[in-house]
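# Observations on the model geometry
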Amino acid sequence: MTSSEEWGTHAVEFRSDIVVKRFPAESRGQCEREWRALTLLADHAPGLAPAPLRSDLAAEEPLVVMERLPGEPLRRAALDERQLEAFAAAVSELHAAVPSEVLAGVPLRPARQQWLVEQIHAWTPEARPRVSRQVGEAMDLGLAWLADSGLEGAVPPNVPWVFGAGDGNLANYLWDGTRVRIVDFEDSGSSDRPFELAEITEHVGSWVGTPLDAEAFLDLFDLTDAERARLPDCRRLLALVWLFLLSFDDPRRRNPSGTAERQAARLVRLLGQPLSR
């Protein structure tokens, strides 16, 4: 597991063999999703995630106690071929872990595509006037694409549901020298594979610093025709979301100066439209 001071959002206490994760009262839903995921994976994919030990979901500050896993976060260094294959194998195992009859009772993960589209429209009046020319032009190209994308609607019916972690941060994937295991399920739930893969490849942590080879990673998944057709739009949507998030970011706190401009260039590459000079 990663240090809560580096990339985490909640109070995490590390002991020799267990981890105690405490959530603020307003994040009770995140605690419930974390516990649901750990118990589901303990039943259907034991060893892929920390074993759940106990929880107190009704506490003023709800908590989850879990096994402490060995390993180093994949966000720390470039991945070699063996690590990349193990990473893809872990993600594939996660997506396939929960049987369909059980998955039918699992709520949708937060921040699904329709919610993200609504957020982009809500952010635009505040964000657009305050950004650099390069970021603003990329936003405009992204918004024009979004208007014609059809993503305000539902996921296509021929795209199968999977269990998704809901967070693409490479810090949540631990390499122990043999395999990759997964932590941090507070945004987990029912999802689809293209959306979850886009969560990983377009997360800012996948390219700031040591970049993930996104194309090599995606080539390791045997997607259906419908999934493969949906994936580019999911990547564009998540890249646009990150452009807005980075436009609000204080670079002294999280990311290096110029990260939003680099994200703008990433987005326009995914859109296949060059920025003006």
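Residues take numbers from 1 onward in each chain, read along the sequence in its written order. For this predicted model, a pLDDT threshold of at least 70 governs which residues receive local features, and a threshold of 80 or more governs which side-chain atom pairs are given and counted, while totals over whole chains, interfaces and linings are taken from all residues. The basis for every side-chain value is the complete set of non-hydrogen atoms in the structure, without hydrogens or water.

Okay, the packing of helix α2 (residues 81-97) against helix α6 (residues 193-201) next. It is at 12 Å that the axes of α2 and α6 come closest, and there the two elements cross at 145 degrees. Of the two possible hands of crossing, α2 and α6 adopt the one that is right-handed. In contact with Phe87, Val91 and His95 of α2, α6 contributes Arg193, Glu196, Leu197 and Ile200. Gly is placed with the polar residues, together with every amino acid not listed as nonpolar (Ala, Val, Leu, Ile, Met, Phe, Trp, Tyr, Cys and Pro) or charged (Asp, Glu, Lys and Arg). Grouping the constituent residues of the contact of α2 with α6 by class yields four nonpolar, one polar and two charged. Axis definition: a line fit to C-alpha positions, over the contact stretch in the case of helices; interaxial angles, taken between N-to-C directions, run 0 to 180 degrees. Strands here mean DSSP runs of E at least two residues long; helices mean DSSP runs of H or I at least four residues long; both are numbered from the N terminus. Note: crossing handedness is left-handed where the near helix turns anticlockwise from the far helix by less than a right angle, and right-handed where it turns clockwise. Pairs of residues are marked as contacts when any of their non-hydrogen atoms sit within 4.5 Å.

Quick look at the sheet that holds strand β4 (residues 63-67) now. On the basis of which strands lie adjacent, the open sheet formed by four strands has the order β1-β2-β4-β3 and antiparallel pairing. In this open sheet, the two edge strands, each paired with only one partner strand, are β1 (11-14) and β3 (52-56). Taking each pair of neighbouring strands and ignoring which way they run, the sheet shows an average axis angle of 15 degrees. Relative to strand β2 (residues 18-22), β1 runs antiparallel, the two being bridged by four bridges. In the strand pairing of β2, alanine 11 is matched with arginine 22. In this fold helix α1 (residues 28-44) packs onto β2, β3 and β4, with an angle of close to 30 degrees to the strand it touches most, β4. Strand pairing follows a simple DSSP-based rule, namely that at least 2 bridges must link the two strands.

So, on to the side chain of serine 247. Relative to the elements of secondary structure, serine 247 occurs in helix α8 (residues 225-247). Residues in contact with serine 247, not counting those within four places in the same chain, are Ala127, Arg130, Val131 and Met139.

This paragraph deals with the confidence of the model for the protein chain. Predicted coordinates in regions of low pLDDT should not be interpreted in detail. With 94% of its residues at a pLDDT of 70 or more, the protein chain shows a mean pLDDT of 93. Confidence scores per residue from the predictor, reported as pLDDT, run from 0 to 100. Note that residues 1-8 has pLDDT below 50 and, in this model, 21 contacts with residues that lie over four places away or in other chains.

The tendency in soluble globular proteins is for nonpolar side chains to be buried side by side. Only buried Ala, Val, Leu, Ile, Met, Phe, Trp, Tyr and Cys residues count toward a nonpolar core, and they belong to the same one when joined by side-chain atoms within 4.5 Å. Three labels apply to residues, based on accessible area from a 1.4 Å probe with only protein chains included: buried if under 20% of the type maximum, exposed if over 50%, partly exposed otherwise in between. Judged by nonpolar contacts, the single largest core of 41 residues is most densely connected at Phe87, Tyr173, Phe185 and Phe217. For this core, the elements supplying multiple residues, two or more each, are α1, β4, α2, β7 (173-175), β8 (180-182), α6 and α7 (214-218). Sorting elements by how many residues they give to this core places α2 first, with eight residues. Apart from residues lying up to four places away in sequence, phenylalanine 185 is in contact with Arg33, Glu34, Ala37, Leu38, Leu41, Ala49, Leu94 and Ala165. Within the second largest apolar cluster, 34 residues are counted, among which are Leu151, Leu246, Ala260 and Val268.

Turning to the sheet that holds β8, a few remarks are in order. The strand order across the open sheet formed by three strands is β5-β7-β8, and the pairing between neighbours is antiparallel. Both edges of this open sheet fall to β5 (72-73) and β8, since each of them pairs with a single strand only. For β5 and β7, the ladder comprises two bridges, and the chain directions are antiparallel. Bridged to proline 73 within β7 is leucine 174. Its contacts with the sheet put α2 on β7 and β8, and the angle it makes with β8 is roughly 40 degrees.

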